[in-house]
Structures are given as C-alpha cells and as structure tokens.
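Residues per chain are reported as follows:
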Amino acid sequence: MRLVKLTHPILSLDVYNETRMRISKAPFLALLKPAEAALIRDKKIGRAVRSAHYSLELAFVGRKRITELNRLHHKKNRQTDIISLSYFPRRMTRRMDTPLVGEIFICVPYARAQAQRIGQPLIEELRFLFTHGLLHSFGYDHKKPRDERRMLALTYKILGRKN
C-alpha cells in the first residue's frame, strides 16, 4: 500500500492504493480547489473556521476489503462502489480537534464495472465517486430527494460538468 499526500490551502488528501492498478493522483488533486470553493460557497466551511485545514483519506480497495467495510459500518454483507466515513461535526462553530474530516473507500473493480455499464472512462467514475465521498465527509447526504438534487448539483459543479 502506497501513500501519496496531496495538499491545497484548505484541504489535503492522503491517497492509499491497496490494489494492483496504477491510478494517477493528479485528477484528484485537481478537484481540491473547486471542492474548497463549493464548500465555502455553500457555507459548509464558515468564515470563522476558513483558516483551518481539513484532511481527507482516500483508499482504493478491492472487493474483499469493501465487503468487510460494508459489513462493519453498514451491516450489509455485499460489495458497494464507495463507503464514506464522516467525522465532520453537524454544526461547525469552532475548529475541530483533529483535521481529519473523513475517510473514503472506493472499490476499484466495482467502479470499473460501473463505468463500463454507463459508458464512461474509469478515471471519470473514480473522480465522481471521490467527489461524492468528499461531500458525504462534509455532512451532505441524499436521503431526501431535495438533498439528493443538491448533492448531485454540487458534485457536477466540482467536477466541472453540466447536470
């Protein structure tokens, strides 16, 4: 497993690759700046804590590991494309004790099959999943249709896509 640290003024990202597939880190670094801007614009990162530094961990994993994580965290004994663990407080009134806001686990074989099914390159699927996980790490969810629309719109904005 190899660690690569990618940093930006407000966000930093530690990337771990537990798979044998080579995955470029540059596409994920490129998402940090638009993600910062979107989080500030959407007031997830308020004025009082904007000078803080937030850290995320991203791990590319295989089928066995994602199934273990899904069983442990969601009580589901099956594979999934992504699991996001958020440590971001619901109400941000002061700096956090630790800069780690979340862990994102992406199952590369699952994402590859998903990308093939919808006809897009694997790297684009991985970027989409990472952005989705990043937003979950900062407290966004898609349980209600309105929240799902908002989260998807932000995802596309960060990715520079039209929805």
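Residues numbered from 1 in each chain as written. Predicted model: local features only at pLDDT ≥ 70, side-chain atom pairs only at ≥ 80, totals over all residues. Heavy atoms only, no water.

Colleague: Help me understand the pattern of salt bridges, please; the structure alone is not making it clear to me.
Modeller: A full pass over the atoms with the stated rule returns five salt bridges. Between Glu18 and Arg65 there is a salt bridge whose closest N-O contact spans 3.2 Å. Residue Glu18 is found in the loop between β2 (11–17) and α1 (26–41), and its partner Arg65 is found in helix α2 (residues 63–74); the two are separated by 47 residues along the sequence. By relative accessible area, Arg65 is classed as partly exposed at 30%. Residue Glu124 pairs with Arg161 through a salt bridge whose shortest N-O separation is 3.4 Å. Of this pair, Glu124 sits in helix α4 (residues 122–137) while Arg161 is found in the segment after α5 (145–159), placing the two residues 37 residues apart along the sequence. On the basis of relative accessible area, Glu124 is assigned to the partly exposed category, the value being 23%. Using a relative accessible area of 26% as the deciding quantity, one classes Arg161 as partly exposed. One salt-bridge network, in which partners are shared between bridges, spans Glu124, Arg127 and Arg161. (Salt bridge = Lys/Arg side-chain N within 4 Å of Asp/Glu carboxyl O. Helix = DSSP H or I, 4+ residues; strand = E, 2+ residues; numbered from the N terminus. Buried < 20%, exposed > 50% of the residue type's maximum accessible area, 1.4 Å probe, protein only.)

Colleague: Could you clarify how one ought to interpret the packing of aromatic side chains in this entry?
Modeller: A complete count under the given rule lists six aromatic pairs for this structure. Between Phe28 and Phe60, the ring centres sit 5.5 Å apart and the planes meet at 55°, which makes this aromatic pair tilted. Separated by 32 residues along the polypeptide, Phe28 in helix α1 and Phe60 in strand β3 (residues 54–61) bring together distant segments of the chain. Seen from their ring centres, Phe128 and Tyr156 are 6.3 Å apart, and the 45° between their planes marks the pair as tilted. Of this pair, Phe128 sits in helix α4 while Tyr156 is found in helix α5, placing the two residues 28 residues apart along the sequence. Taking relative accessible area as the criterion, Tyr156 reaches 18% and is therefore assigned buried. (Phe/Tyr/Trp six-rings, centres within 6.5 Å; stacked < 30°, edge-to-face > 60°.)

Colleague: Whenever I open this one, the layout of surface pockets confuses me. Can you help?
Modeller: By rolling a water-sized probe across the atoms, one finds the places where empty space is left. By volume, the largest pocket amounts to about 1,000 Å³. What lines the largest pocket is a set of 33 residues, and nearest its centre among them are His132, His136, Tyr140, Asp141 and His142. Ranked by the residues each element gives to the lining of the largest pocket, the list is headed by α5, at six residues. Partitioning the lining of the largest pocket into residue classes produces twelve nonpolar, eleven polar and ten charged. (1 Å grid on protein atoms, 1.4 Å probe; cavity = no way out; pocket = protein on both sides within 12 Å on 5 of 7 lines; lining within 4 Å. Points joined across faces, edges and corners; volume = space filled by probe spheres on them. Nonpolar A, V, L, I, M, F, W, Y, C, P; charged D, E, K, R; others polar.)

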